[in-house]
Amino acid sequence: MITAVVAVREGSQRCKNKNNRPFGDTNLLQMKLELLKKVKNLDEIIVNSESEEMLQVGLDNGVKIHKRDPYYASSKINNSEMHGHMADTTKTDTIFLAPVCSPFVSVSSHEKAIDFFLKNKFDSVTSVTEVKNHLWLDGKPLNYTLDNVPNSQDLPDVVKLNYGITIIDREVMKRKRAVIGDKPGFYKLNEIESIDVDTEFDWLVAERIYEHMKKNA
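Residues numbered from 1 in each chain as written. Predicted model: local features only at pLDDT ≥ 70, side-chain atom pairs only at ≥ 80, totals over all residues. Heavy atoms only, no water.

Quick word on the pairing of strand 1 (residues 2–7)
Within a regular strand, the side chains alternate between the two sheet faces.
Then comes step 1: Across the 6 residues that make up strand 1, a large majority, 5, are buried.
Then comes step 2: Inspection of the sheet shows strand 1 paired to strand 2 (residues 44–49) by 5 bridges, in the parallel sense. Paired with Thr3 across the two strands is Glu44, which belongs to strand 2.
Then comes step 3: Between the parallel pair strand 1 and strand 2, the chain is carried across by helix 1 (residues 28–36), and the sense of this crossover is right-handed. (Buried < 20%, exposed > 50% of the residue type's maximum accessible area, 1.4 Å probe, protein only. Helix = DSSP H or I, 4+ residues; strand = E, 2+ residues; numbered from the N terminus. Pairing = 2+ DSSP bridges. Right-handed = clockwise from strand over helix to strand, strands pointing away.)

What to know about helix 1
Then comes step 1: For helix 1, the buried fraction is high: 7 of the 9 residues fall into the buried class.
Then comes step 2: The elements touched by buried residues of helix 1 are strand 1, strand 2, helix 2 (52–60), helix 4 (107–120) and helix 6 (200–215).
Then comes step 3: Structurally, the start of helix 1 carries an N-cap: the backbone nitrogen of Leu29 is 3.1 Å from a side-chain oxygen of Asn27. (Contact = heavy atoms within 4.5 Å. Polar contact = N/O pair within 3.5 Å; in protein donor to acceptor, adjacent residues only side chain to side chain.)

Topic: the layout of surface pockets
Then comes step 1: Here the largest pocket is characterised by a volume of approximately 1400 Å³.
Then comes step 2: In terms of lining residues, the largest pocket is bounded by 46 residues, among which Lys18, Pro99, Cys101, Asp196 and Asp198 are the most central.
Then comes step 3: Listing elements by their share of the lining of the largest pocket, those giving two or more residues are strand 1, helix 3 (79–89), strand 5 (124–131) and strand 8 (158–169).
Then comes step 4: In terms of residue class, the lining of the largest pocket is made up of 21 nonpolar, 15 polar and 10 charged.
Then comes step 5: The volume enclosed by the second largest pocket comes to roughly 380 Å³. (1 Å grid on protein atoms, 1.4 Å probe; cavity = no way out; pocket = protein on both sides within 12 Å on 5 of 7 lines; lining within 4 Å. Points joined across faces, edges and corners; volume = space filled by probe spheres on them. Nonpolar A, V, L, I, M, F, W, Y, C, P; charged D, E, K, R; others polar.)

Some details on the nonpolar core
Then comes step 1: Membership of the largest hydrophobic core comes to 41 residues, with the highest contact counts inside it found for Val6 and Phe96.
Then comes step 2: Sorting the residues of this core by element identifies strand 1, helix 1, strand 2, helix 2, helix 4, strand 8 and helix 6 as the ones contributing at least two each.
Then comes step 3: Tallying contributions element by element places helix 1 first for this core, with 6 residues.
Then comes step 4: Those residues in contact with Phe96 that lie beyond four places of it in its chain are Ile2, Thr3, Ala4, Val5, Leu42, His110, Ile114, Ile165, Thr166 and Ile167. (Core = buried A, V, L, I, M, F, W, Y, C linked by side-chain atoms within 4.5 Å.)

A few points about the environment of Leu42
Then comes step 1: Relative to the helices and strands, Leu42 resides in the loop between helix 1 and strand 2.
Then comes step 2: Among the residues examined, Leu42 registers a relative accessible area of 15% and is labelled buried.
Then comes step 3: Separated by 144 residues in the primary sequence, Leu42 and Phe186 have C-alpha atoms spaced 19 Å apart.

Let's talk about the packing of helix 1 against helix 2
Then comes step 1: Running from amino to carboxyl end, helix 1 crosses helix 2 at an angle of 30°, the nearest separation of the two axes being 10 Å. With respect to their mutual orientation, helix 1 and helix 2 come out roughly parallel. For the pair helix 1 and helix 2, the crossing hand works out as right-handed. For the pair formed by helix 1 and helix 2, the contact residues are Leu29, Gln30 and Leu33 on the first element and Met54, Val57 and Gly58 on the second. (Axes fitted to C-alpha atoms, helices over the stretch in contact; angles between N-to-C directions. Parallel < 35°, antiparallel > 145°, perpendicular 65-115°, else oblique. Left-handed = near helix turned anticlockwise from the far one by under 90°.)

Details of helix 2
Then comes step 1: Among all positions in helix 2, only Met54, Leu55, Val57 and Gly58 are buried. In a view along the axis of helix 2, the buried residues occupy a sector of 150°, so they form one face of it. Turned more than 90 degrees away from the buried face of helix 2 sit Glu53 and Asp60, all of them exposed.
Then comes step 2: Positive phi appears at Gly62, one or two residues downstream of helix 2, with a value of about 75°. (Arc of directions from axis to C-beta.)

Notes on unusual backbone geometry
Most peptide bonds are trans, and most residues other than glycine sit at a negative phi.
Then comes step 1: Its identity as a non-glycine residue notwithstanding, Lys121 has a phi of 55°, on the positive side.
Then comes step 2: Residue Lys121 is classed as exposed on the basis of its relative accessible area, which comes to 67%.
Then comes step 3: Positive phi, close to 55°, is recorded for Arg177, a residue that is not glycine.
Then comes step 4: In this fold, Arg177 is placed in the loop between helix 5 (170–176) and strand 9 (184–188).

What follows is the structure, given as C-alpha cells:
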C-alpha cells in the first residue's frame, strides 16, 4: 500500500502562508491535491496538518486527513523528529511524501518514480537536481582543482536532493527517522520540476512560471 502524505502547516517561516495563500488562480495545497488524484498506484492521499483550514481543504478534495499535534508542526523540531513522527502516525507500507512547495512535479514523474522504486526494489527513492557549478567550501574548491579548471558542463555529476518526490518504506523511515534508506535510489527531475518554493523570491519565480504554463497550455 502506497500512501501519499501532504504535510502542511501554518507556520512557514521564510515564505509566509505559502501553503494556502493565493497562487495564480489556485493555491499550492489545492494544486498538489488535484495532481495527486491523477497519479496511478497511489492507494490513498492524506493531508497531515495542525491547521483546521488546511485539513478542510483535504476533506473538500475527498482525501483523508490527519490532525497533527501542534508540536510537530512547530519550528522546535528538526527533520529527523518530524520524519520519525510521520512514520509513527501513518499506517501504510510505503510513504510517498508530496510537498506542496514543489508545484511543478508532473503526474508522469510521480508515476515513473513509483515504478522506479518498485522495479528496482529500493527501500527509498528521493528526487534530485543536477548541480553543474563550481563549488567551494572553507576557501577550497569541492568539485574541481584550480590547476585545471573545467567548463561547468564538464564538472563531475554531482546532484542535490530537492525532495520534490520522496518514497520510502515506512518501517525504514520509522527506524532511521529519515527519508533516505539503506538501499536508496535517486530520481532526477528537470529544472522546472525541481523548483522548491522556500522564499518569497522562489514564490515570485514559481508564480510567473505557473502563469506562463497556464497561458500556453
